[in-house]
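Here is what each chain is made of, one letter per residue.
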Amino acid sequence: MDKKIAIIASYLHPIRQKHLIDWYIDFSSNRKTVSLFLGSKSNKIPIAKNYKINNKREFYKYQFYNLFQSRRFSEKQNRIQPLINYKPEIIHLITSNAFQAIEPILENKKIQLIVSFRGFDINVFPYQSEENLKLTRKIFERADKLHFISYALRDSAIKLGANPDKCMVIYRSIQIDKANGLQINDLPEDHRLLILSVGRLVWEKGFLYALETMSILKNKGFDFQYQIAGSGIDREMINYHIKRLRIENEVSLLGELSRVDVKKKLQAAQIYFQPSLSEALSLSLIEASYYGLPIISSEIGGIPEVVKNNVSGFLSAPCNPEGYALNFIRLMENKDLRYQMGQSGYKIVQNLFSRQGELQKWDNFYEQLCR
Amino acid sequence: MSVESKLHNVKIIIFDGSFKTTPFINRLVKGLALNHQIYILGFNEKLTNPISGVNYVSLGSNQSKLKFTVATLGKLFQSKKFNLLLPTLKKLIQGKRQALQKLNLELALKNIAPDLIHLQWPSVIPWFEVVLLKQEIPVILSQRGFHNNVRPFVDGENFEYLKKWYPKMAGFHSVSKAIAANGDKIWTSSEKIDKVVYTGLPLEEMPFSEAYFLSRPLRIVSVGRTHWKKGYDYALRACKLLKEKNISFQYTIIGGAGDEELQFLVDDLGLQDYVNLEKRIPQKEVFRLIQEASLLLMPSLEEGIPNVVVEAMAIGLPVISTDCGGVPELIEEGVNGWMVPTRKPEAIAAAIIHFMELPLDMIEKVRIEARRKVEQQHNEAQMVRGMEELFYEVVEMK
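Computed from a predicted structure; not experimentally measured.

Caption draft 1: Representation of the overall build of chain A within the structure. From N to C terminus, chain A includes 16 helices and 13 strands. Viewed in the frame of its principal axes, chain A has a C-alpha envelope of about 80 × 45 × 40 Å. Taking all 371 residues of chain A together, 54% fall into the buried category. For chain A, long-range pairs separated by at least 24 residues make up 65% of all intrachain contacts whose partners lie at least 6 apart in sequence. Charged side chains of chain A number 52 positive and 38 negative; the gap between the two group centres comes to 7 Å.

Caption draft 2: Layout of the domain arrangement of chain A. Residue and element names in this part refer to chain A. Examined at the domain level, chain A breaks down into domain 1 (5-173 + 354-369) and domain 2 (193-352). Relative placement of domain 1 and domain 2: their C-alpha centres are 33 Å apart. Contacts between the two partners involve 13 residues from domain 1, matched on the other side by 14 residues from domain 2. Across the interface of domain 1 and domain 2, roughly 1,200 Å² is buried in total on both sides, 60% from carbon and sulfur atoms. Area buried by domain 1 at its contact with domain 2 is led by Arg 16, Tyr 171 and Ser 354, which between them contribute 38% of it.

Caption draft 3: Representation of the domain arrangement of chain B. Residues and elements named next belong to chain B. Entries for chain B in the domain assignment read domain 1 (3-58 + 115-200 + 380-397) and domain 2 (203-377). Between domain 1 and domain 2, the C-alpha centre-to-centre distance is 30 Å. On the domain 2 side, the residues contacting the 15 residues of domain 1 number 14 residues. Both faces combined, the contact of domain 1 with domain 2 buries some 1,200 Å², and carbon together with sulfur accounts for 58% of it. Taken as a group, Phe 146, Tyr 198 and Thr 199 account for 36% of the area that domain 1 buries against domain 2, more than any other trio of residues on that side.

Caption draft 4: Just the side chain of Ser 298 of chain A, in detail. Residue and element names in this part refer to chain A. Its place among the elements puts Ser 298 in strand S12 (residues 295-298). Separated by 2.7 Å, the side chain of Ser 298 and the backbone oxygen of Ser 276 make a polar contact. In this structure the side chain of Ser 298 is engaged in a polar contact, spanning 2.8 Å, whose partner is the side chain of Tyr 324. In this structure Ser 298 touches Gln 274, Pro 275, Ser 276, Ile 303, Leu 315, Ser 316, Pro 318 and Tyr 324, once residues within four positions along its chain are discounted.

Caption draft 5: Looking closely at the sheet that holds strand S8 (residues 193-198) of chain A. Residues and elements named next belong to chain A. Across the sheet, six strands lie side by side as S10-S9-S8-S11-S12-S13; this open sheet has parallel pairing. Every interior strand has two partners, whereas the edge strands, strand S10 (251-255) and strand S13 (313-316), have only one. Averaged over all pairs of adjacent strands, the angle between strand axes in this sheet comes to 20°, irrespective of strand direction. By the bridge criterion, two bridges tie S8 to strand S11 (residues 271-274) in an arrangement that is parallel. Paired with Ile 195 across the strands is Ile 271, a residue of S11. Against the sheet, helix H9 (residues 207-219) contacts S8, strand S9 (224-229), S10 and S11, and its axis sits at roughly 170° relative to S9. Lying over the sheet, helix H11 (residues 259-268) contacts S8, S9, S10 and S11, oriented at roughly 140° with respect to S8.

Caption draft 6: Focus on helix H12 (residues 283-290) of chain A. Residue and element names in this part refer to chain A. Counting buried positions along H12 yields six of eight residues, so the element is predominantly enclosed. Among the residues of H12, those classed as buried are Leu 285, Ile 286, Glu 287, Ala 288, Ser 289 and Tyr 290. Tucked into the core, H12 has its buried residues touching H11, S11, S12, helix H13 (303-306) and helix H15 (335-352).

Caption draft 7: Representation of the interface of chain B and chain A in the model. Every contact between the two is made by 18 residues of chain B and, on the other side, 19 residues of chain A. If you look at where chain B meets chain A, you find two salt bridges. Here Arg 343 of chain B makes a salt bridge to Glu 212 of chain A, at a shortest N to O gap of 3.8 Å. Across the contact surface, chain B and chain A share four residue pairs in polar contact (both at pLDDT 80 or more). Elements with a minimum of two residues in the side of chain B that touches chain A: helix H7 (151-154), helix H10 (232-244) and helix H11 (260-268) of chain B. No other element matches H11 of chain B, which puts five residues into the side of chain B that touches chain A. Considered class by class, the residues forming the side of chain B that touches chain A number eight nonpolar, two polar and eight charged.

Caption draft 8: Representation of the nonpolar core. In terms of nonpolar packing, the biggest core is built from 77 residues, with Ile 195, Met 214 and Tyr 226 of chain A together with Tyr 251 and Phe 355 of chain B touching the most fellow members. At eight residues, H9 of chain A tops the list of elements feeding residues into this core. In this structure Tyr 251 of chain B touches Ile 220, Val 221, Ser 222, Tyr 232, Ala 235, Leu 236, Cys 239, Tyr 274, Val 275, Asn 276, Leu 297 and Pro 299 of chain B, once residues within four positions along its chain are discounted. Phe 117, Ala 269, Leu 281 and Tyr 346 of chain A belong to the second-largest nonpolar core, a separate cluster that totals 63 residues.

About the cut-offs
- Residues numbered from 1 in each chain as written.
- Chains lettered and ligands numbered in written order.
- Predicted model: local features only at pLDDT ≥ 70, side-chain atom pairs only at ≥ 80, totals over all residues.
- Heavy atoms only, no water.
- Helix = DSSP H or I, 4+ residues; strand = E, 2+ residues; numbered from the N terminus.
- Buried < 20%, exposed > 50% of the residue type's maximum accessible area, 1.4 Å probe, protein only.
- Contact = heavy atoms within 4.5 Å.
- Lys, Arg positive; Asp, Glu negative; His and termini not counted.
- Charge placed at Lys NZ, Arg CZ, Asp CG, Glu CD.
- Domains from an automatic or database assignment.
- Buried area = accessible area lost by both parts, 1.4 Å probe.
- Polar contact = N/O pair within 3.5 Å; in protein donor to acceptor, adjacent residues only side chain to side chain.
- Pairing = 2+ DSSP bridges.
- Axes fitted to C-alpha atoms, helices over the stretch in contact; angles between N-to-C directions.
- Salt bridge = Lys/Arg side-chain N within 4 Å of Asp/Glu carboxyl O.
- Nonpolar A, V, L, I, M, F, W, Y, C, P; charged D, E, K, R; others polar.
- Core = buried A, V, L, I, M, F, W, Y, C linked by side-chain atoms within 4.5 Å.

If you want it as structure tokens, here you go:
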């Protein structure tokens, strides 16, 4: 596998997209011809280089180098000098929004382009304007391979015009600790049942419906606590509805937690809740299943590929608090069922969402590509 | 408090944070400037349409360093506080913009020596903490909407902050009785001065539209930037219900373009042929556009008093609104408009269907009553007079 590969992202959030950074580190660990390029170098991600010129110093540096080169660069090509100088043979965009910036180098048809798409790129972006739709279809055209993180997302892309032959699905993954098995802790006697959500406080996660569900359960006399870990622009809205529904005693917002604290919460909880409206795959659901939590979620997008209804959790129609509440009631007083579902979820993650499994699939894919 | 007061001419500082302010503040200021000395303090440099008779005082531009320096030094010399020259130069070099703006504010207050300061939003209180502590110049705070009726109740820190500074206000202006009640939840006392002064419209510029046309498909419009408290998601769910009942309609949200959640809902609910999310447009164009509609829908969860409803009623556009905040002080069910409970798409859909089945002369009666209500409760004269009465009350209490 000696073709030069450039893995490109316009930006990677060191916490929220850590899984992509981890993926890259694992993927590149035994390869010498891979490099990670970001739009701007980040101190938190020292392994990455810039793909574009970000300041005057770099600009002059490359002007100097180019004095000794015979070919002349166009205005647009000038900006992405560092990438051009790397001379990649394969470019893999792990965030599709970097496409426009690197377009100049893609005029060279010999360079193979792989583009990975997230939910937003297919479910939201193309619908925001005609230009966005045109750009999305342009990317579909130019790319040699289109990578989707779920079959649901792939199907949505095909509806938008993606060529099915170019499409491939490789699930995102999490690190699995093979040495230690699953440990599901018992709920201590004097503790209330803990329901947990981990995720950004944005409309896609459906927190309004989560709160309505909690209100229904409270009115039916159930005793529990519901904690939400995460930050986001809907924080005030969520507080507003918590007060309106009078569930301050049951619901608390924990803010953004570190990975370590998230892990602790997952180990302490009994049920994981994610009533999303829009979801391509959801690493939080994968993680929750890995920690042996039964899941209550919506039957939309890529969620049925992570959670098997009636097996590792209960899925119901989105925006329907009554439906979620019914599923909660089935779980809340049935410790054995929770345990069983947690076990099933753990197995599903081991089979479908392990880092090792994902890397194997990428290895196979690149093997084929480099031939 | 007698309006026939000795104090005919009051020196007032209006503070909104910017020279430009909002249309309703501008209308108020225009009216007040006829009889009183109005100063508007702000951080802007450019103002395209200054109101004549109003003194604009810059506290130091947030954009241009040069203009900032000029403004700062100018103020310093005007106030003759030369002992401050060296420290000021030092701060200018260090780029301590906010500290200097605070100093400029202090100097401006000294130069103007106002009878009264009128703060337009709770968010500008931090600039006047020193003034409020001194209790020499009375300060009035306007209670208009989100920053009074929602934010303090979802943001604990904000609530504590307001609870601390509210008692130091000499008086309050509320855009509705509902929002005055919210203010009482933050702080109240037997001596509290809180006057409800309804927003005033330039009704001569907003003629009642004699010709009204109940279009088919029914053209429904909402106006306002997207925010969760505007309740557009409930409106869209109501549209889904209308579609299922085969009702023919077109719903436009002016200011809705670019909102991911709304876009998602439009697609998810299959409303692409029924709903348009339009970009934000200037007030004048909004006016023209809403006249092409047959119904205004206002689905908000919380409002002080929605100006867009007042405007719609003025020009004769029928309104269905949620009954949040001060809306019941404006709409009387079936008489000059219709109300629905908040967060209930079924109720919105039912109200729209009910509206479509009304005889035209009934709708006409409602339109005329709506205009009458607005003429009586929301004319500019009552707004200016009401604020003047509040000012006199506060100044005389000094």
